[in-house]
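Read off the chains here:
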Amino acid sequence: MKSYKGRGIVLHTLKYGDSSMVVYLLTDVGGRRSYMVQGVRSRNGRGSKLALFQPMFPVEFEGLESPRQEMHRFKEVRAGFALREVPFDVRKSTMALFMAEALYRLVRECEPNATLFDFVWNSVGALDAIERGVANFHLWFLVHLCRLLGFQPGNAYTPESWFDIREGEYVPARPPHTLFLTRECARLLDELLHSDVRRLEQIALSHTERTEFLNAMLVYLGYHLDAVSAVQSVRILKEVF
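Residues numbered from 1 in each chain as written. Predicted model: local features only at pLDDT ≥ 70, side-chain atom pairs only at ≥ 80, totals over all residues. Heavy atoms only, no water.

Undergrad: Even after reading the chapter, I still don't get the overall build of the protein, so can you show me in this structure?
TA: Across its full length, the protein holds six helices and eight strands. For 241 residues, the compact-globule estimate of 2.2 N^0.38 gives 18 Å, and the protein sits close to it at 19 Å. Along the first, second and third principal axes, the C-alpha set of the protein runs to 60 × 35 × 30 Å. Out of the 241 residues in the protein, the part that is buried amounts to 50%. In the protein, of all internal contacts separated by at least 6 residues, the share reaching a separation of at least 24 is 60%. (Helix = DSSP H or I, 4+ residues; strand = E, 2+ residues; numbered from the N terminus. Rg over C-alpha atoms; globule rule 2.2 N^0.38 Å. Buried < 20%, exposed > 50% of the residue type's maximum accessible area, 1.4 Å probe, protein only. Contact = heavy atoms within 4.5 Å.)

What follows is the structure, given as C-alpha cells:
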C-alpha cells in the first residue's frame, strides 16, 4: 500500500458496522476524500480516536492508498492543532457543524485545491480564536466560500444596488424575477467580501437581518449547487444566532 502525509478537515462521518466508521475529509493532498477507520468504537483502548473526528476538526495524518480498496485508510492520525473553544462553546460548535455540513454538500472535487483548503484550515483557527463578532462568522464564511467556488459578484458594488443572482452582478434596479438579493443584503454581501474576520464585531446585525442574509446566501448557492438545500443544521444555526 502506498503511504502519504497530509492535513485534513473533518466534514462528515458515517457509522460502519459495530466498531468502524467512514470519515470524509477535505484534504490538502487530494481534495475531498473518504477514509475507513476501523476499531474506532471498540473497547480496546483505541476509542479515544473518536474525539478527533468531530465536525471541522483539523487533523494531520499518514494515509494509506491501495489500488484494491476504494477508500483510503489511516496509518497514523492526530490533531492538526489544539482547539480550545470550538468543542466546548455551544455557539462555536453549532457554527462548526453548519460549516462542515455546507462543505460536505458543496465540495465534491477530488483534486487538490490549495487556496480552498488553506481558507478552510485557517477559518477553523479563526473561529476558535475569535472573541467578538462570533454571530457573524458563518455569514463571512459563506460569502468567502462562494468566492472560492467561483460565484463572487462579477462587478463592483455601488450604493443602493440590488444583486441579481441569475446574472451574478449588482444591478441598479430590482430584477424582474425572484432570484435576487435585496439592497440591504447586497450591501452586506459587499461588506463581508471586504471585511477582515477580526473585525466582524463591527458589523451590527439583528437576528432578523442575520437570518434574512443567511437565507439569501443559501438561495444564491442553491442556484449554482442544488446540494445546499440538504443542509440540515441551518435550523439549529438560526435558533442559536
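Undergrad: Is there a simple way to think about empty space enclosed by the protein in this case?
TA: A probe matching the size of a water molecule, rolled over the atoms, marks out where space remains unfilled. Here the structure, examined in full by the defined rule, presents one cavity of 30 Å³ or more. Lining the largest cavity are His138, Arg210, Thr211, Leu214, Leu237, Lys238 and Phe241. Those elements giving two or more residues to the lining of the largest cavity turn out to be helix 5 (207–224) and helix 6 (234–240). When its residues are assigned to classes, the lining of the largest cavity shows three nonpolar, two polar and two charged. (1 Å grid on protein atoms, 1.4 Å probe; cavity = no way out; pocket = protein on both sides within 12 Å on 5 of 7 lines; lining within 4 Å. Points joined across faces, edges and corners; volume = space filled by probe spheres on them. Nonpolar A, V, L, I, M, F, W, Y, C, P; charged D, E, K, R; others polar.)

Undergrad: Explanation requested: the nonpolar core in the structure shown.
TA: A general feature of soluble globular proteins is that nonpolar side chains tend to end up buried together. Within the largest apolar cluster, 80 residues are counted, with the highest numbers of intra-cluster contacts made by Phe53, Met56, Phe137, Leu189, Leu192 and Phe213. With residues up to four places along the chain from it excluded, the contact list for Met56 reads Ile9, Val10, Ala96, Met99, Ala100, Leu103, Val120 and Val124. (Core = buried A, V, L, I, M, F, W, Y, C linked by side-chain atoms within 4.5 Å.)

Undergrad: Mind showing me how you'd approach the layout of surface pockets here?
TA: Here the second largest pocket is characterised by a volume of approximately 160 Å³. Considering the residues around the second largest pocket, the lining is formed by Val10, Leu11, His12, Thr13, Phe53, Gln54, Pro55, Leu97, Ala100, Glu101, Tyr104 and Arg105. Counting only elements with at least two residues in the lining of the second largest pocket, the list comes to strand 1 (2–16) and helix 1 (90–106). Per element, the largest residue contribution to the lining of the second largest pocket is five residues, and it comes from helix 1. Taken together, the residues of the lining of the second largest pocket break down into seven nonpolar, three polar and two charged.

Undergrad: Is there a simple way to think about the sheet that holds strand 7 (residues 169–171) in this case?
TA: In sheet architecture, strand pairing relies on hydrogen bonds along the backbone and comes in two forms, parallel and antiparallel. Strand order in the open sheet formed by three strands is 7-6-8, with antiparallel pairing between adjacent strands. Each end of this open sheet is capped by a strand with a single partner; those strands are strand 7 and strand 8 (180–181). Where strand 6 (residues 162–164) meets strand 8, two bridges bridge the pair, whose relative direction is antiparallel. The partner of Asp164 across the bridge, within strand 8, is Phe180. (Pairing = 2+ DSSP bridges.)

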